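Tertiary structure, described
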Amino acid sequence: MSSISARRADMDNRNCPAKKKRRLTLGLQSLNFLSLPEDIVLRITAGITLKEAVRISAVCSNLRKAWIHHPNLDFDISTVLAKGNQCSGRYNRVMDIKRFIDTVNFILREHSGFAVNRLAVKFELHKEHANDIDGWVYFAIASKARVVVLNFSPYLGPYDNYYNFPGHLFNNQNSSHLQVLQLDRVTLDPNDLHGFSNLRTLSLERVLLLQDLQYLLLKCPVLERLSICLCPELHDLYAAEPLQQLKFLCVQYCDISKIDLHAPNLIAFEYRGNSNVFFALKECLKLQTATIAFHVAENIGYVFTEIPVVLPHVETLHVEVHVNTQIHGFAKAPLRFLYLRHFSMKIILAGAKRSGKNSILQLAYILEAAPFLVDLHLDMNCGSFCEYPPKRDVIADRRHHNLKQACIIGFNGNGGQVALVKYILRNAVQLERMVIDPGGKAVVQWMREHIGRISAKSELVPRDRKGVLTIL
């Protein structure tokens with residue numbers, strides 16, 4: 001019995017959190033951290049955050065300098081300013097900024113500068129703090145950091161008070177290690193940049209561009225990902241020479257009129273903004289996935305008349321549009337997506353009095369425009385649920401031999417919706433499953449959902465000859 005009791009006592013001691021912590025502390029105190037091989041030090045520090053490294057350094061004297069080898073230096077309000085110590089009011093906010101800058105300066109001054117992978121700063125800073133920020137950028141260059149992130153997005157001041165990114169600090173030699181550059185709320189003059197020979201990702205958000213981006217793009221020979229968002233002075237995205245390595249392109253909410261690029265290896269493209277933009281991406285033969293989101297009305301026709309020309313090889317297409325009218329020449333055959341397999345559309349439709357009875361049924365064009373479509377997903381926000389269905393002979397039946405999955409979200413019993421579903425059931429001869437969701441994300445009113453479910457069961461279920469319908 002005594003031996004059993006002893007073993008139980010030993011197990012209790014091992015499982016006691018306080019004693020576990022004491023044993024860990026004793027073990028760490030006996031460890032001379034700085035005497036370990038460099039690769040072991042790097043492995044230890046890379047597996048924890050900078051904040052955790054600082055906490056560990058407080059355990060014992062041997063680990064006081066553990067954090068000076070940390071490869072990922074992420075500075076934001078949660079890691080630099082202790083929780084609960086952030087101040088409110090203008091004067092206190094100034095003091096917070098001073099504490100933030102002083103802390104970052106101290107850490108970078110004490111850091112070894114060896115094997116730095118990432119330097120990221122996210123805080124409310126601007127032109128007034130340029131001397132300190134320039135020093136941080138120079139530290140990133142000297143330590144050969146592969147990732148640099150300057151995100152001053154909390155700052156809401158005017159453009160002329162933005163921090164000026166110091167492109168003059170970079171040259172072909174000292175920028176060779178940089179692979180990722182992310183800038184938010186800064187001023188950038190592309191002519192000051194001499195190029196980044198190994199830059200693979202460039203992200204610009206709320207960046208005030210003083211010159212066209214063409215010069216910079218041509219100085220980034222291995223650029224793979226380009227993301228541009230809310231850059232007010234970007235009016236054209238153009239490059240005179242091919243961007244051979246570009247694979248991902250995203251342009252969002254810029255006052256842009258033209259995107260003209262030759263990117264032979266582009267795989268994914270995303271555009272969000274106004275519809276009066278000219279796309280010239282016909283040479284992008286490997287482009288497989290695209291997202292096109294317009295935020296003005298009168299653009300449903302663009303989907304069927306322009307996108308097949310702009311993106312002829314796309315296989316997966318996501319579209320967001322507003323519809324107020326019918327497509328001109330509704331009965332005419334559309335252009336063809338010969339490679340399209342997966343199509344999803346988020347659509348806001350006006351009432352029948354404004355848009356006409358065929359405003360929803362015209363979406364049947366999708367089957368004719370994409371003869372090899374396999375998967376169809378429609379997410380509708382339809383303003384009217386009392387609209388009578390259009391005449392059946394408005395659009396001629398044409399058999400579709402590849403569609404297998406279909407989903408309509410926001411079904412509320414609108415006559416055009418009923419006609420569209422019936423059209424798909426009649427013509428998609430290989431259809432395996434169609435999901436009708438009367439709720440959806442946009443249609444939240446209980447009455448619309450209730451009427452939609454009743455309509456689906458009464459109008460659609462009898463038409464379901466093969467038992468493919470699922471009504472949620």
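The protein chain is annotated in an unreviewed UniProt entry as At1g61320/AtMIF1 LRR domain-containing protein from Paspalum notatum var. saurae.

1. Comments concerning the overall build of the protein chain
A tally of regular secondary structure across the protein chain gives 14 helices and 21 strands. Expressed as a percentage of the 472 residues in the protein chain, the buried residues total 46%. Taking contacts inside the protein chain between residues at least 6 apart in sequence as the whole, the part at least 24 apart equals 63%. A total of about 23,400 Å² of accessible surface is found on the protein chain, and carbon and sulfur atoms cover 52% of it.

2. Some points on the sheet that holds strand β10 (residues 236-238)
Sheet architecture is open: 3 strands sit in the order β10-β12-β14, paired in parallel fashion. Strands with a single pairing partner mark the edges of an open sheet, and in this sheet they are β10 and β14 (278-280). Along the sheet, successive strands turn relative to each other by an average axial angle of 5 degrees, direction set aside. Summarising the sheet, strand β12 (residues 258-260) and β14 pair through 3 bridges and their orientation is parallel. Along β14, the bridge assignment pairs Ile259 with Phe279.

3. A few points about the pairing of strand β11 (residues 248-252)
Of all 5 residues making up β11, 5 are buried, and the element is well covered by its neighbours. The alternating pattern of β11 places Phe248, Cys250 and Gln252 on one face and Leu249 and Val251 on the opposite face, and all of these are buried. Two strands pair when backbone bridges link them, and β11 and strand β13 (residues 268-273) are joined in this way by 5 bridges, in the parallel orientation. Paired with Phe248 across the two strands is Ala268, which belongs to β13.

4. Topic: helix α7 (residues 130-142)
In a regular helix each residue adds 1.5 Å, so 13 residues correspond to 18 Å; α7 covers 18 Å between its end C-alpha atoms and thus fits that length. If you check which residues of α7 are buried, you get Ala130, Ile133, Trp136, Val137, Phe139, Ala140 and Ile141.

5. Structural notes on the packing of aromatic side chains
Going through the model one piece at a time under the given rule, you end up with 7 aromatic pairs. On the basis of an interplanar angle of 90 degrees and a centroid distance of 5.9 Å, the ring pair of Phe152 and Tyr163 is categorised as edge-to-face. One end of the pair, Phe152, is in the loop between β3 (147-151) and β4 (163-164); the other, Tyr163, is in strand β4, and 11 residues separate them in sequence. By relative accessible area, Phe152 is classed as buried at 0%. On the numbers, 5.2 Å between centres and 80 degrees between planes, the contact of Tyr271 with Phe279 is edge-to-face. Here a set of aromatic residues connected by ring pairs shows up, and it is made of Phe269, Tyr271, Phe279 and Phe294. Taking the ring centre of Phe248 as reference, the NZ or CZ of Arg225 above it sits at 4.2 Å. Stacked on the ring of Tyr238, the Lys or Arg Lys258 has its end atom at 5.3 Å from the ring centre.

6. Topic: the pattern of salt bridges
Applying the stated criterion across every chain yields a total of 10 salt bridges. Across the salt bridge formed by Asp96 and Arg99, the nearest N and O atoms sit 3.0 Å from each other. Here Arg99 and Asp96 lie together in helix α6 (residues 90-110), a separation of 3 residues that amounts to about one turn. We classify Arg99 as partly exposed; its relative accessible area is 31%. Through salt bridges with shared partners, a single ionic network connects Asp184, Glu205 and Arg206.

7. Overview of the environment of Gln417
By the element assignment, Gln417 lies in helix α13 (residues 415-427). Residue class for Gln417 comes out buried when judged on its relative accessible area of 1%. For the pair formed by Gln417 and Ser359, sequence separation is 58 residues and the distance between their alpha carbons is 9.6 Å. Ignoring anything within four residues of it in the chain, the contact list for Gln417 reads Ile360, Met380, Cys382, Gly410, Phe411 and Asn412. Side-chain polar atoms of Gln417 contact the backbone oxygen of Gly410, separated by 3.1 Å.

8. Let's talk about α13
With 13 residues, α13 should reach 18 Å at 1.5 Å per residue; the first-to-last C-alpha distance of 18 Å fits that figure. Along α13, 12 of the 13 residues are buried, which leaves the element largely enclosed by surrounding structure.

9. A word on the state of the cysteines
Inspection of the entire model under this criterion finds 0 disulfides. Cys254 forms no disulfide, and the closest cysteine sulfur to it belongs to Cys231, at a distance of 4.9 Å.

10. Side note on the sheet that holds β4
Pairing within the open sheet is parallel, and its 3 strands lie in the order β4-β6-β8. Two strands lie at the open edges of the sheet, namely β4 and β8 (208-209), each paired on one side alone. The pairing of strand β6 (residues 186-188) with β8 spans 2 bridges and is parallel. The residue of β8 that forms the bridge with Thr187 is Leu208.

11. Here we look at the environment of Tyr302
Relative to the helices and strands, Tyr302 resides in helix α9 (residues 300-305). Taking C-alpha positions, Tyr302 is 8.4 Å from Ser275, a pair spaced 27 residues apart along the chain. Sequence-distant contacts of Tyr302, defined by excluding residues within four places in its chain, comprise Val277, Phe279, Phe294, Ile307 and Val310.

12. Examining a nonpolar patch on the surface
Together, Leu338, Tyr339 and Phe372 line one region of the surface with nonpolar side chains, adding up to about 290 Å² of accessible area. Summarising the element assignment, Phe372 is placed in the loop between α12 (365-369) and β18 (375-382). The partly exposed category is assigned to Phe372, whose relative accessible area is 38%.

Reading the values: the criteria
Residues numbered from 1 in each chain as written. Predicted model: local features only at pLDDT ≥ 70, side-chain atom pairs only at ≥ 80, totals over all residues. Heavy atoms only, no water. Helix = DSSP H or I, 4+ residues; strand = E, 2+ residues; numbered from the N terminus. Buried < 20%, exposed > 50% of the residue type's maximum accessible area, 1.4 Å probe, protein only. Contact = heavy atoms within 4.5 Å. Areas by Shrake-Rupley, 256 points an atom, 1.4 Å probe, with all protein chains shown as cover. Pairing = 2+ DSSP bridges. Axes fitted to C-alpha atoms, helices over the stretch in contact; angles between N-to-C directions. Expected span 1.5 Å × (residues − 1). Phe/Tyr/Trp six-rings, centres within 6.5 Å; stacked < 30°, edge-to-face > 60°. Lys NZ or Arg CZ within 6 Å of the ring centre and 35° of its normal. Salt bridge = Lys/Arg side-chain N within 4 Å of Asp/Glu carboxyl O. Polar contact = N/O pair within 3.5 Å; in protein donor to acceptor, adjacent residues only side chain to side chain. Disulfide = S-S within 2.5 Å. Patch = residues over 30% accessible without salt bridge, like charges linked within 9 Å, V, L, I, M, F, W, Y side chains within 5 Å.

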